Amino acid sequence: MAVAGCLLILTFCVRAAVHQVPGRDYGVFRATDTVPVKKSKDSTPVSRLSSVTTDTVGGKQVPDSVVRVDSIRMSKDSVDAIIKYHADDSGVLIIATKDLFLYGKAKTDYKDLKLEAATIQYEQKTQTVKAYGATDTTGDISSKPQFTQGELKTISDSIFYNLGTQKAYTKNTFFQEGEVFVNARFLKKISADEVFARDARFTTCNLDTPHFAFRSRKMKIINNKLGVTGRVYPEIESVPIPMVFLPFGLFPLNRARHSGVLFPSFTSSEDFGLGLEGLGYYKTFGEHVDVTTRANLYSYGGWNLNVSSKYLMRYKYTGSLNVTFQNTKTLNRSGFSQEEFTNSKSYMINWSHSRDSRARPGTNFSANVNFGSTRFNRSLLNNPYQNFQNQISSSVSYSKDWRGKYNLSLNLNHNQNSVSRLVNLNLPTATFNVVTFYPFQKKESIGTGKWYEKIGIGYNGSLQNQASFYDSAFSFKRLIDTVQWGATHNIPITLSLPSLGPITLSPSISYEERWYGQRNFKKWNPLTSKVDTTVEKGLYTARQMSFGMGINTRIFGMYKFSPKSNIIAIRHEIRPTISVSYHPDFASKYHYTTKVDTSGRTQRFSQYDGGIIGSFSEGAFGGIGFGIDNILEMRVKDKSDTSLKGRTVGKKVKLIEGFGFNSSYNLMADSFALGNFSIYARSTLFEKLNITASASLDPYERDSKGFRVNKIAFDPRRFKFGMITAGNIAMSTSFSSKSKDGKDKNKELPVDPFMTPDEQQRQLQFARANPAEFTDFNIPWTLSFSYSLNFSRVMKPDYSGYQTLTNSSLNFNGDFSLTPKWKVGATGYYDVSNRSLQQLSTFITREMHCWQLSINVTPIGLYRSFNIMFSPKSGILRDLKINRSRTFSSY
């Protein structure tokens, strides 16, 4: 029978012992008539009630000798708070010695202290609590006392705790502090946050018999702050290794952010020499800002310095700043120079900032800046993905909205190419829009409005500025010479008409004007036999006006299969669009004819070709635009999904998510009236293969040099419908086995909501560069492919004809488990156009419960390298690793 209640230890003066057993009346524990009532110098008078009352406990009347009192005298040795207790077996109170015993799964709660044990003894005179475990019939330990105070929880063979001093002494104690598991032969707790241990063993392995541990005779732990030991030596599989020791040990236990030294890793490269990578310091400035400084030092004299800072103000903004300087000094192995080393300096600045939309509703500011030397990525060591990144871009944007009526956007953009070393700056690009409003619409309309009330007017305006330079030959004068600017103004007028059944009509009128800061003139130079270009600065304008009417509808068709077929039906949706438009020829006066080669061939150019804003097309247009979009879906039987009547409902499968074309026909043109066909297709086959494709089809024939001829190239017998002048196709797929536990898990890295997109990209790049450290052993194998093909026909620089530029590549990634603990994998990039494997990285890793062995090998790439790392999984011991790496240059 369980004993439970609230015990308030009083000062008893009786000499008796009462044993609580099942079935015994416990009413006598409430009060006795032996409570002293006479005064004493150090006591408070106790007054009896005016009348003696009886009570009923457990269905029995308590004798009249039991007296209720208004107040009692508290002894100096009594506890200062209520103790809650529970025992499954029994409780014994020895009044003479003022000792309390609890037997059988005993539990006590006192303030923030919790104690569970087989037997608990409380001595009031010394305010000491003793707890012991229990053994079964075979003599094996069946339970141990558990002590909890705040975040500290211990399991011991025996516990001695003083309620007055809040100190404790335990034997053979196990407890966890953060990621560290500690076992101490003797443990002394002197305060709520400080603990001393003797003959301690500590590890991050959570097994009863850990794979590894560290031994020390003396140890002090400050809760959630630091662990300090005397002479410490490791043991592996319970085998001590005393010849390998440290005079003392420091183990940070603070789970919050705090400053500290970042230890480096050793590396070796035949180009850079021996080196230390990652040496640095982490510094926090309050709760909102931190700074990480890291350096790489190499024996040949090269170095790399990185300063990274993160800042965060919750509900306001978040961002990061990363600045890197490189002084690359590599061994010259090419043989083309007499210098022993090759020196180069580069830098990179990364700034990412985003503001919470709740900070200032209606306005937004964001930045993603990546600016630096074009050769920076090629100089990075052990980063194959960034070595092949040739494009760098940046954007800083500010936007403001005025209650949904007007909006302003300011953008600063930058892009640079590491191959051509060309840098383009757009400073700034301003866009101002007026949302379509209806000037003839009444503020309070009743019934159906007039047709003219549906007339809407809007405005779109933009201002662009651009400057270009080569970082290898930068000068401020050249930068000023390349500055271009331009502006556009567009006023669209629309009319919303009611639908005519399934057909929707959309008439429109648009006026557009463009301002240019320069114009270009191309002229044939007979002396050099090439085309020269001259530039004139100034303010120049061009304008265009168009009228149009759009018609669109949707057509549905379905084919049903027989009930025996696994396919229920195929549904086809067609979305045809037809538009009629006209714009007069306002641009012919800006075009001219120029000789382009020695044969006398001429070509038409616009004065505004090559500018920051494109030129209007020459000639009037009055014609028809047309296009068709198709969606094809299939419904198949799904036996796991049935209706209430037992009929199979089926599931929907998308065969073609979009397939169609767009083109136009100019009724006013005397030649080349039919426009190019824009063809596109997209689909996800079998919910695995993603396909996206597009192409531009020129319906006219070409001469021997690739110039257009005014003759339709249409011959169905030869399957000839024109020439494809540009196109692209992208395919990607991934496969993986089911997880061992049968649960679907996200294989991607967890995304920190307060991490900027730039930091997320760096985290992903690090995972790609070190795949062995991010292996999921729960999934036996994974495999993914992505293929892309891009091509286009462009005019040759000397205008002698056209050439086709093609780029095709294949990316692959995969891994599989050799055994439940061994896994191998590879990732690579294959250049299909050049038929060469550009990059290949392989890895093999061994899962060792609390440790992990990883081997990364890059046999093909800008830098060839291998890395062997043996390290614990725990973050607190991340610097306690065995690392061996070497890097070799491929050029």
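As the structure is a prediction and not an experimental result, all values here were calculated from the model. (Residues numbered from 1 in each chain as written. Predicted model: local features only at pLDDT ≥ 70, side-chain atom pairs only at ≥ 80, totals over all residues. Heavy atoms only, no water.)

Student: Quick question: what am I supposed to make of the nonpolar core here?
Tutor: Where a protein is soluble and globular, its nonpolar side chains tend to be buried together. Counting residues in hydrophobic clusters, the biggest one holds 22 residues, and the most contacted among them are V182, F202, F212 and M219. Those elements that provide at least two residues to this core are strand 16 (180-189), strand 17 (194-203) and strand 18 (212-222). Residues contacting F212, with those up to four places away along its chain left out, are T203, T204, C205, E235, I236, C850, W851 and L877. By size, the runner-up hydrophobic cluster in this structure holds 21 residues, among which are L100, A106, V129 and A168. (Core = buried A, V, L, I, M, F, W, Y, C linked by side-chain atoms within 4.5 Å. Buried < 20%, exposed > 50% of the residue type's maximum accessible area, 1.4 Å probe, protein only. Helix = DSSP H or I, 4+ residues; strand = E, 2+ residues; numbered from the N terminus. Contact = heavy atoms within 4.5 Å.)

Student: What's the story with the packing of aromatic side chains in this structure? I'm lost.
Tutor: In this description, an aromatic ring pair is defined by two values, namely the gap between the centres and the angle between the planes. Enumeration according to the criterion identifies 27 aromatic pairs in this entry. Consider the rings of W851 and F870, whose centres lie 4.6 Å apart with planes at 25 degrees: the pair is stacked. Within this pair, whereas W851 is found in strand 53 (residues 851-860), its partner F870 is found in strand 54 (residues 863-872), the two being separated by 19 residues in sequence. The class of F870 is partly exposed, set by a relative accessible area of 24%. In this structure, K283 is placed above the aromatic ring of F285, and the distance from its NZ or CZ to the ring centre is 5.9 Å. Cation over ring: K329 sits above F341, and NZ or CZ is 5.0 Å from the ring centre. (Phe/Tyr/Trp six-rings, centres within 6.5 Å; stacked < 30°, edge-to-face > 60°. Lys NZ or Arg CZ within 6 Å of the ring centre and 35° of its normal.)

Student: Could you clarify how one ought to interpret unusual backbone geometry in this entry?
Tutor: Most peptide bonds are trans, and most residues other than glycine sit at a negative phi. Here L427 and P428 are connected by a cis peptide whose omega angle stands at -15 degrees. One can find P428 in strand 33 (residues 422-437). With a phi close to 65 degrees, S238 is a non-glycine residue in the positive phi region. A positive phi angle, near 55 degrees, is found at R835, a position not held by glycine. Relative to the elements of secondary structure, R835 occurs in the loop between strand 51 (822-831) and strand 52 (836-848).

Student: Which parts of the structure should I look at to understand the pairing of strand 9 (residues 128-132)?
Tutor: Side-chain direction in a regular strand flips from residue to residue, so the side chains alternate between the two faces of the sheet. Bridge analysis of strand 8 (residues 113-123) against strand 9 gives 5 bridges, and the strand direction is antiparallel. When the sheet's bridge partners are listed, I120 is paired in strand 9 with A131. What sits between strand 8 and strand 9 in their antiparallel hairpin is a turn of 4 residues, with Q127 showing a positive phi close to 55 degrees. In terms of strand pairing, strand 9 meets strand 14 (residues 158-162) through 5 bridges, oriented antiparallel. Bridging from a neighbouring strand, K130 pairs with F160 of strand 14. (Pairing = 2+ DSSP bridges.)

Student: What is the right way to read the state of the cysteines from this model?
Tutor: Each disulfide is one covalent bond, formed between the sulfur atoms of two cysteines. In total, this model carries 0 disulfides according to the counting rule given. Here C205 stays free of any disulfide, with the sulfur of C850 as its closest cysteine sulfur at 3.6 Å. By relative accessible area, C850 is classed as buried at 6%. (Disulfide = S-S within 2.5 Å.)

Student: What is the right way to read the environment of T284 from this model?
Tutor: Assignment of secondary structure puts T284 in strand 25 (residues 273-285). Note: C-alpha distance between T284 and H258 (26 residues apart in sequence) is 6.2 Å. With residues up to four places along the chain from it excluded, the contact list for T284 reads R257, H258, S259, V289 and D290.

Student: Explain the confidence of the model for the protein chain here, please?
Tutor: Reading fine detail from the predicted coordinates is not recommended where pLDDT is low. Confidence in the prediction for the protein chain averages 80 pLDDT; 83% of positions are at 70 or higher. Note on residues 1-67: pLDDT under 50 across the span, and 99 contacts to partners over four residues away in sequence or across chains. The model gives residues 745-751 a pLDDT under 50, and that stretch makes 10 contacts with residues more than four places away or in other chains. (pLDDT = per-residue confidence, 0-100.)

Student: Looking at this structure, how should I read the side chain of E277?
Tutor: Among the structural elements, E277 can be located in strand 25. Of the polar contacts made by the side chain of E277, one reaches the side chain of Y298; its length is 2.9 Å. (Polar contact = N/O pair within 3.5 Å; in protein donor to acceptor, adjacent residues only side chain to side chain.)

Student: It is not clear to me how the environment of P247 should be interpreted in this structure. Could you clarify?
Tutor: By the secondary structure assignment, P247 is in the loop between strand 21 (239-240) and strand 22 (249-252). Discounting residues that sit within four places of it in the chain, P247 has contacts with G230 and R231.

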